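Residue strings, one per chain:
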Amino acid sequence: MADLASILDQFAGRRVLVVGDIMLDEYLDGHVERISPEAPVPVVRLDERSARPGGAANVALNLLSLGAEVRLVGLCGNDEAGELLRQVCVEAGLNADSIHVSGQRRTTRKARVMSQGQQLLRVDTEDTQPACGLELDRLQGSVADALAENWAEAVLFEDYDKGALTAGLIALAMQRAQEASLPTIVDPKNRNFWSYKGATLFKPNLAELA
C-alpha cells in the first residue's frame, strides 16, 4: 500500500493531454411497483436523473482527482446531450475549451435505467463515423497546439471507436509526442488497433487482444 500511495502521489502536478471519445453517462434512477400491462416488463417510476462525464472525459476526471493537470480533446454533438456533457465537465473541474461541437453527429449518450441499485436497461445514442472536415481540423489543431506549447508531459489516447480518433489524428499526435520525447499511453479499440505503432504503453483488454 505504501508503494501504491507513492505512485499515486507522483500524479500531482503532472500535465496530461487526453485525446479521445467523450460521452455522456446518464442515470435514470427509480423504483418498480408493478409490471406493465402492455408487455411483461417492469414499470419504473422515475425518482432521480443524473449525468456524469463518460469515456475519455471520465478518464480525464480520474486524472484530475489524482492531482494531475489535464487538457481534454474530444467531440460532442450540437444537441442537448452535448450541452449537458460540456456542463458536467466544467462542473467537475475540466476545461471544455477543446471539446469541439459538431453539427455532423450526435453526442454519444449512454442512458441507464436503474432501480434499487440494479441496471434494468441501457439506451445508447451515438454516431460513430470517423471525424472529417472541420471536425478533424479542430481536433488536430487542439492536439498540435497543446504539444507545440510544450505543455504536456504525456499523451493519453482513449479510443472507444466513436470516431474522434482517426488514423490521421493518431499519426499526428504520435509523431509530435515522439519528437518531444513524451510517453504515449493507449487504451485501444478495434478500428484503429494497428495505428498506434511506437506507443510507450499499449493496454488492450482481453477481447481486443484476441
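Above this note sits the structure.
Below is a short write-up of the structure. Nothing here was measured: the structure is a model prediction, and the numbers come from that model.

### Here's the deal with unusual backbone geometry
Working step 1: Positive phi values are uncommon outside glycine, yet Asp-161 reaches one of about 60 degrees.
Working step 2: Along the chain, Asp-161 falls in the loop between β8 (154-158) and α5 (167-179).
Working step 3: At Ser-181, a residue that is not glycine, the phi angle is positive and equals roughly 60 degrees.
Working step 4: As for its position among the elements, Ser-181 is in the loop between α5 and β9 (184-187).
Working step 5: Relative accessible area serves as the criterion here: at 64%, Ser-181 is assigned to the exposed category.

### A short note on the sheet that holds β9
Working step 1: Strands sit in the order β5-β4-β1-β8-β9-β10 across an open sheet of six strands; the sheet is parallel. Strands at the two margins of the open sheet, each flanked by one partner only, are β5 (99-102) and β10 (201-202).
Working step 2: Summarising the sheet, strand β4 (residues 69-77) and β5 pair through four bridges and their orientation is parallel. In the sheet register, Gly-77 faces β5, and the bridge partner there is Ser-102.
Working step 3: The strands touched by helix α2 (residues 56-65) within the sheet are β1 (15-20), β4 and β8, with β4 carrying the most contacts at an inclination of about 165 degrees.
Working step 4: Its contacts with the sheet place α5 against β1, β8 and β9, and it is angled at close to 160 degrees to β8.

### Comments concerning the packing of aromatic side chains
Working step 1: Scanning the entire structure with this criterion turns up four aromatic pairs.
Working step 2: Aromatic pair Phe-157 and Tyr-196: ring centres 5.4 Å apart, planes at 65 degrees, arrangement edge-to-face. Residue Phe-157 is found in strand β8, and its partner Tyr-196 is found in the loop between β9 and β10; the two are separated by 39 residues along the sequence.
Working step 3: Exposure remark for Tyr-196: the relative accessible area of 4% places this residue in the buried category.
Working step 4: Taken together, a centroid distance of 6.3 Å and an interplanar angle of 50 degrees make the contact between Tyr-196 and Phe-202 tilted.
Working step 5: Accessibility expressed as a relative area gives 32% for Phe-202, which makes it partly exposed.
Working step 6: Of the aromatic side chains, those joined through ring pairs into one cluster are Phe-157, Phe-193, Trp-194, Tyr-196 and Phe-202.
Working step 7: It is Arg-71 that lies over the ring of Trp-151; its NZ or CZ is 4.7 Å from the centre.

### With respect to the sheet that holds strand β2 (residues 22-35)
By way of backbone hydrogen bonds, the strands of a sheet pair with one another, either parallel or antiparallel.
Working step 1: Spatially, the four strands line up as an open sheet ordered β3-β2-β6-β7, and their pairing is mixed. Pairing within the sheet leaves two strands with one partner each, and these edge strands are β3 (42-55) and β7 (118-125). Sheet twist, expressed as the mean angle between neighbouring strand axes with direction ignored, is 20 degrees.
Working step 2: Sheet analysis places β2 next to strand β6 (residues 109-115), joined by seven bridges and oriented parallel. Paired with Tyr-27 across the two strands is Arg-112, which belongs to β6.
Working step 3: On the sheet, α2 packs against β2 and β3 and is oriented at approximately 65 degrees with respect to β3.

### As for the nonpolar core
Working step 1: One finds Leu-17, Val-19, Val-143, Val-155 and Phe-157 to be the most contacted residues of the largest nonpolar core, which totals 24 residues.
Working step 2: Elements that contribute at least two residues to this core include exactly β1, β4, α4 (134-148), β8 and α5.
Working step 3: Excluding residues within four positions of it along the chain, Phe-157 makes contact with Val-19, Leu-165, Ile-170, Ala-173, Met-174, Thr-184, Ile-185, Val-186, Asp-187 and Tyr-196.
Working step 4: If you look at the next biggest cluster of nonpolar residues, it comprises 22 residues, including Leu-72, Cys-76, Leu-84 and Leu-156.

### Structural notes on helix α3 (residues 80-91)
Working step 1: With 12 residues, α3 extends 16 Å from end C-alpha to end C-alpha; this agrees with the ideal 16 Å at 1.5 Å per step.
Working step 2: Taken residue by residue, α3 has Ala-81, Gly-82, Leu-84, Leu-85, Val-88 and Cys-89 as its buried positions. Down the axis of α3, the smallest arc covering the buried residues is 160 degrees, so these residues share one side. Opposite the buried face of α3, by more than 90 degrees, sit the exposed residues Glu-80, Glu-83 and Glu-91.
Working step 3: A positive phi of about 105 degrees marks Gly-93, the residue just after α3.

Rules and cut-offs
- Note that residues are indexed from 1 along each chain, following the sequence as it is written.
- In keeping with the model being predicted, local features are shown solely for residues with a pLDDT of at least 70 and side-chain atom pairs are shown and tallied solely at 80 or more, while totals for entire chains, interfaces and linings include all residues.
- To obtain the side-chain values, all non-hydrogen atoms of the structure were used and water was disregarded.
- Put simply, DSSP H or I for four residues or longer makes a helix, DSSP E for two residues or longer makes a strand, and each gets a number counted from the N terminus.
- Burial status follows relative accessibility: with a 1.4 Å probe on protein chains alone, a residue under 20% of its type maximum counts as buried, one over 50% as exposed, and anything between as partly exposed.
- DSSP calls a pair of strands paired once it identifies at least 2 bridges connecting them.
- Residue contacts are defined here by distance: any two heavy atoms, one from each residue, within 4.5 Å place the two residues in contact.
- Axes here refer to lines fitted to C-alpha atoms; in helices the fit is confined to the stretch in contact. Angles between the N-to-C directions go from 0 to 180 degrees.
- Ring pairs shown here join Phe, Tyr and Trp side chains whose ring centres sit within 6.5 Å, with only the six-membered ring taken for Trp; geometry is labelled stacked below 30 degrees between planes, edge-to-face above 60, and tilted in between.
- Cation placement over rings: the criterion is NZ of Lys or CZ of Arg within 6 Å of the ring centroid and within 35° of the ring normal.
- For the purposes of this section, nonpolar cores are sets of buried Ala, Val, Leu, Ile, Met, Phe, Trp, Tyr and Cys residues that join through side-chain atoms within 4.5 Å.
- Multiply 1.5 Å by the residue count of a helix minus one, and that product is the helix's expected span.
- It is the directions from the helix axis to the C-beta atoms that the arc portrays.

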